[in-house]
Amino acid sequence: MSVSQVPLTEGESRVEEIPTSPKTVTYYSLAAAPLFAVWFIGLLVFLLWTYKNIAGQYVSFLFQALALSALVYLIMSIARWLYRVDVSQRDAYLTNKGVWIHVPGKEWFFISFLSIVSVREKKDWMATHLHLEGIEIRYREAQKQKSTLIIGVENAPVFVKDIQGKLAPTPA
């Protein structure tokens, strides 16, 4: 989605883009490639060793099946994490009136600074292990409190402070 497709309202101007992190599925696939290579080469060496030394024993076949299923489970777990990262990365723009967010596969939606309840940097397992920063925005819509998460933000603390600085002061 390009910037020109952001549906700005009258009197609204784009202040800046909240850039997505360059850490995408490709980034993590390349980072995980050595892990898979070591696992695969180790498994291949073990298979060759078992066929050479103790060929035909059912225990070796059982262990090989277990190792292959563990490899498939590991690959699927990492693929699920990567899919979550890639799908969760969103186009987002700060304007003088609020935040426009585009969810992949859906339409743009707008969160006014007046409706935002809180903004914080999201800290979860993805931020810890995948080194991806995120922003959680809690807002009110039709008397209900909702939240949205922007995962994969480059320099999230700066944008959290920017948004917090534009929020209306809360009554004491």
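Small disclaimer: the values here were computed from a predicted structure and weren't measured. (Residues numbered from 1 in each chain as written. Predicted model: local features only at pLDDT ≥ 70, side-chain atom pairs only at ≥ 80, totals over all residues. Heavy atoms only, no water.)

Enquirer: Explain the overall build of the protein to me, please; I cannot follow it from the model alone.
Expert: Counting secondary structure elements, the protein contains 4 helices and 7 strands. Going from N to C terminus, the protein has its helices and strands arranged as β-α-α-β-β-β-β-α-β-β-α. Out of the 172 residues belonging to the protein, those deemed buried represent 33%. Summing over all exposed atoms, the protein offers an accessible surface of approximately 10900 Å²; the carbon and sulfur share of this is 63%. (Helix = DSSP H or I, 4+ residues; strand = E, 2+ residues; numbered from the N terminus. Buried < 20%, exposed > 50% of the residue type's maximum accessible area, 1.4 Å probe, protein only. Areas by Shrake-Rupley, 256 points an atom, 1.4 Å probe, with all protein chains shown as cover.)

Enquirer: Explain the sheet that holds strand β2 (residues 91-95) to me, please; I cannot follow it from the model alone.
Expert: By way of backbone hydrogen bonds, the strands of a sheet pair with one another, either parallel or antiparallel. With antiparallel pairing, 4 strands are arranged side by side in an open sheet as β1-β2-β3-β4. The strands lining the two open edges of the sheet, one partner per strand, are β1 (14-18) and β4 (108-112). Averaged over all neighbouring strand pairs, the angle between strand axes comes to 20°, with direction disregarded. Relative to strand β3 (residues 98-102), β2 runs antiparallel, the two sharing 4 bridges. Counted as the bridge partner of A92 is I101 from β3. (Pairing = 2+ DSSP bridges. Axes fitted to C-alpha atoms, helices over the stretch in contact; angles between N-to-C directions.)

Enquirer: Can you walk me through unusual backbone geometry in this structure?
Expert: Trans is the common state for peptide bonds, and a negative phi is the common state for residues other than glycine. For Q143, which is not glycine, the phi dihedral falls at a positive 65°. Examined against the element boundaries, Q143 turns out to sit in the loop between β6 (134-141) and β7 (144-151). Residue N155 is not a glycine yet carries a positive backbone phi of 65°. By secondary structure assignment, the location of N155 is in the loop between β7 and α4 (156-166). Classification of N155 as partly exposed rests on a relative accessible area of 41%.

Enquirer: Looking at this structure, how should I read the pairing of β7?
Expert: In summary, the side chains of a regular strand alternate between the two faces of the sheet. As judged from the 8 bridges shared by β6 and β7, these two strands associate in the antiparallel manner. Of the residues in β7, the one forming a bridge with I135 is I150. In this structure, the hairpin formed by β6 and β7 is closed by a connection of 2 residues, where A142 is found at a positive phi of approximately 55°.

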